[in-house]
Amino acid sequence: MKDKVLAALLRIGHHRTFRRDIVLRGTIFVLLVALLLSQAVLPTTALAAESYQFYQKWGTPSNQFYGPSGVAVDSSGNVYVADTGNCLIQKFDRSGGFLTKWGLIGEGDGEFNQPRGVAVDSSGNVYVVDGGNNRIQKFNSSGVFLLKWGSKGTDIGSFEYPSGIAVDSLGN
């Protein structure tokens, strides 16, 4: 099933179209969240028709996404969303229930300028790609700032508008 959904996502078009769909409609974002939670988005007809059954809505009027661009799931099934336009991270339980959010626009510790990617390690630490500030920030699972690294540039340890992150089982 995941292969079929991935194939449908790839048919949408090149990378820029994919990002525009996430930012403007959030349709693909819902499919990605379903894949990460290993829950099926069931086709209502043959895959060629590209028709899907609605699975679940995430976000509430007070926690509405504005350009979500990154998503990660921790070992408990909690979902973390890099909400780029709102300059924050939103956390939901596995059923889509809102738990917490953190961040605001800025350059200080725990502040963001277009957070683009998010990852969670096996200890529950949350890593956020702070694209506009050219750095990575690390938080605990409640959103408490722990540390940061990186700066704008082309030297080792520098970034030029980073957009994605991953961690392995050892926290690297």
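Reference entry: report on the structure contained in this document. (Residues numbered from 1 in each chain as written. Predicted model: local features only at pLDDT ≥ 70, side-chain atom pairs only at ≥ 80, totals over all residues. Heavy atoms only, no water.)

Across the sheet, which stays open at both edges, the 4 strands sit in the order S5-S6-S7-S8 with antiparallel pairing between neighbours. A single partner strand is all that each edge strand has here, and the edge strands are strand S5 (115–120) and strand S8 (145–149). Adjacent strand axes in the sheet meet at a mean angle of 20° when their direction is disregarded. Pairing analysis gives 5 bridges linking S5 to strand S6 (residues 126–130), with the strands arranged antiparallel. Looking across to S6, one finds that Gly 117 is bridged to Val 129. (Pairing = 2+ DSSP bridges. Helix = DSSP H or I, 4+ residues; strand = E, 2+ residues; numbered from the N terminus. Axes fitted to C-alpha atoms, helices over the stretch in contact; angles between N-to-C directions.)

Strand order in the open sheet made by the 4 strands is S1-S2-S3-S4, with antiparallel pairing throughout. Edge positions in the sheet fall to strand S1 (68–73) and strand S4 (98–102), since each has one partner strand and no second. With strand direction ignored, the average angle separating the axes of adjacent strands in the sheet is 20°.

Side chains of Val 144, Leu 146, Leu 147 and Trp 149 sit close together on the surface and give an oily, nonpolar patch of about 340 Å² of accessible area. Positionally, Val 144 belongs in the loop between strand S7 (135–139) and S8. Its relative accessible area of 45% is what places Val 144 among the partly exposed residues. (Patch = residues over 30% accessible without salt bridge, like charges linked within 9 Å, V, L, I, M, F, W, Y side chains within 5 Å. Areas by Shrake-Rupley, 256 points an atom, 1.4 Å probe, with all protein chains shown as cover. Salt bridge = Lys/Arg side-chain N within 4 Å of Asp/Glu carboxyl O. Buried < 20%, exposed > 50% of the residue type's maximum accessible area, 1.4 Å probe, protein only.)

This part is about the packing of aromatic side chains. Per the counting criterion, the structure on display carries 7 aromatic pairs. With a centroid separation of 5.7 Å and an interplanar angle of 65°, the aromatic rings of Phe 65 and Phe 92 are classed as edge-to-face. Separated by 27 residues along the polypeptide, Phe 65 in the loop between helix H3 (27–36) and S1 and Phe 92 in strand S3 (residues 88–92) bring together distant segments of the chain. Assigned by exposure class, Phe 65 and Phe 92 land together as buried. When the ring of Trp 102 is compared with that of Phe 139, the centres are 5.6 Å apart and the planes differ by 45°; the resulting orientation is tilted. Of this pair, Trp 102 sits in strand S4 while Phe 139 sits in strand S7, and the two are 37 residues apart along the sequence. Judged on exposure class, the residue Trp 102 and its partner Phe 139 are both buried. (Phe/Tyr/Trp six-rings, centres within 6.5 Å; stacked < 30°, edge-to-face > 60°.)

Along a regular strand, successive side chains alternate from one face of the sheet to the other. In terms of residue burial, S6 counts as a mostly covered element, since 5 of its 5 residues are buried. Going residue by residue along S6, you find Val 126, Val 128 and Asp 130 tucked away on one face and Tyr 127 and Val 129 tucked away on the opposite face as well. Hairpin remark: S5 followed by S6, antiparallel, with 5 residues in the connecting loop; positive phi at Gly 124, about 90°. Here S6 runs beside S7; their pairing, made up of 5 bridges, is antiparallel.

Our next topic: the environment of Gly 108. Mapping Gly 108 onto the fold places it in the loop between S4 and S5. The class of Gly 108 is partly exposed, set by a relative accessible area of 26%. Put simply, Gly 108 and Asn 133 are 25 residues apart on the chain and 9.5 Å apart in space, counted from C-alpha to C-alpha.

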